[in-house]
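Spelled out from the first residue to the last, the chains are:
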Amino acid sequence: MPAIQSPVTEEIHPDVALVERAKKGDTAAFEQLVRQYERQIFRVAQHITQNREDAEDIAQDAFLKAYEKLDQFQGNSKFSTWLVRIAVNESLMRLRKRKTSKTVSMDQDVQTEDGSIPRDFAEWRPNPEQLYGQSELGDILRKTIQGLPPGFRTVFTLRDVENLSTEETAEALGLSVPAVKSRLLRARLQLRERLSRYFKQKNGGAKP
Amino acid sequence: MTCTDFLAQLTDYFDGTVDPKLLADVQAHICECHHCEVVLDTTRQTIAIYREHEIYEFPTDLRERLHAAIMKKCTASRS
């Protein structure tokens, strides 16, 4: 008796059809993809460059590049991951061009263990939302992530802010999975340490 | 398990992918070591707070301007 094969139910991502239509010149299909991902691409670029005007330019250039290279998209990865990879490369290129920037590559500053070893063991009480208002909290979060080296900021942004999987993050950054994991750990620990200055339980109650 | 061993497992612990052989040791360390318990809790809060707060605004006027600029560049590149 022949073995009964279970039907293969491979889910096809809705972007695949849109990309196929866009490749054939359907501008409306491409516009739908832009609508879906413009916010994410802008946010990724702003996290990496820490500059709103740069992020606007990068979002435009990333979509233009994607549009022009659509034929090169083979569908081996998600369209969104492919797009994020283009945006990350554009963002890092922008950082390199900035004369004032000392930190220019994914590799710079990641060799050091500085700041990645936990030193602050105070609990966060009351929780940050109880301690600070929305606007003050936003300032703290922006200021804190700004202080991370770009290589760490980028990994943290893709994995923890944008919620990409470790594998997708690795693919978008051209890194190995172990490299992503190692940078992610250090990024999270550095952010935790820096945030602890604001959020830790205080005896006197004075804010920093 | 030492604190350094625990930190090396932290990413996998958040992902729920710690080697089953090590999981009991990791959990025992969290119960025994208050410092690592705090690091675990505050790192979890670090991730959550960035995930939950949109720290850069994307107001409608910016979105509309950006969308129009992207589409203008793309359609211009076709012609």
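Criteria and thresholds
Residues numbered from 1 in each chain as written. Chains lettered and ligands numbered in written order. Predicted model: local features only at pLDDT ≥ 70, side-chain atom pairs only at ≥ 80, totals over all residues. Helix = DSSP H or I, 4+ residues; strand = E, 2+ residues; numbered from the N terminus. Rg over C-alpha atoms; globule rule 2.2 N^0.38 Å. Buried ≥ 20, exposed ≤ 12 C-beta atoms within 10 Å, placed from the backbone. Contact = placed C-beta atoms within 7 Å. Nonpolar A, V, L, I, M, F, W, Y, C, P; charged D, E, K, R; others polar. Axes fitted to C-alpha atoms, helices over the stretch in contact; angles between N-to-C directions. Parallel < 35°, antiparallel > 145°, perpendicular 65-115°, else oblique. Left-handed = near helix turned anticlockwise from the far one by under 90°. Expected span 1.5 Å × (residues − 1). Arc of directions from axis to C-beta.

**Section: the overall build of chain B**
So, step 1. Across its full length, chain B holds four helices and zero strands.
So, step 2. Reading the helices (α) and strands (β) of chain B from amino to carboxyl end gives α-α-α-α.
So, step 3. Relative to a compact globule of 79 residues, whose C-alpha radius of gyration would be 12 Å, chain B shows 22 Å and is clearly more extended.
So, step 4. Its C-alpha atoms give chain B principal-axis dimensions of about 65 × 25 × 15 Å.
So, step 5. Within chain B, the fraction of its 79 residues that count as buried is 19%.

**Describing the interface of chain B and chain A**
So, step 1. Taken together, the 27 residues of chain B in the interface contact 36 residues of chain A.
So, step 2. For the side of chain B that touches chain A, the secondary-structure elements that each account for two or more residues are α1 (3–15), α3 (34–52) and α4 (60–78) of chain B.
So, step 3. At 11 residues, the largest contribution of residues to the side of chain B that touches chain A is made by α3 of chain B.
So, step 4. Tallied by class, the residues present in the side of chain B that touches chain A amount to 14 nonpolar, 10 polar and three charged.

**Focus: the packing of helix α1 (residues 14–23) of chain A against helix α2 (residues 27–49) of chain A**
Packed helices, taken two at a time, are described by their axes: the angle between them and the distance between them.
Residue and element names in this part refer to chain A.
So, step 1. Where α1 meets α2, the closest approach of the two axes is 7 Å, and the angle between their N-to-C directions is 135 degrees. Viewed along their axes, α1 and α2 adopt a mutual orientation that is oblique. Viewed along their axes, α1 and α2 form a crossing whose handedness is left-handed. Residues Asp15, Leu18, Arg21 and Ala22 of α1 form the contact with α2, whose participating residues are Ala29, Phe30, Gln32 and Leu33.

**What to know about α3 of chain B**
So, step 1. Over its 19 residues, α3 of chain B runs 27 Å from end to end, which matches the ideal 27 Å to within 8%, given 1.5 Å per residue.
So, step 2. Looking only at α3 of chain B, the buried set comprises Cys36, Val38, Val39, Thr42, Thr43, Thr46, Ile49 and Tyr50 of chain B. The arc that holds every buried residue of α3 of chain B, seen down its axis, measures 155 degrees, which confines them to one face. The exposed set on the far side of α3 of chain B, more than 90 degrees from its buried face, consists of His34, Arg51 and Glu52 of chain B.
So, step 3. Packed against the buried residues of α3 of chain B are α5 (128–131), α6 (134–146), α7 (150–161) and α9 (177–199) of chain A together with α1 and α2 (20–32) of chain B.

Coordinates in, geometry out; function isn't part of it.
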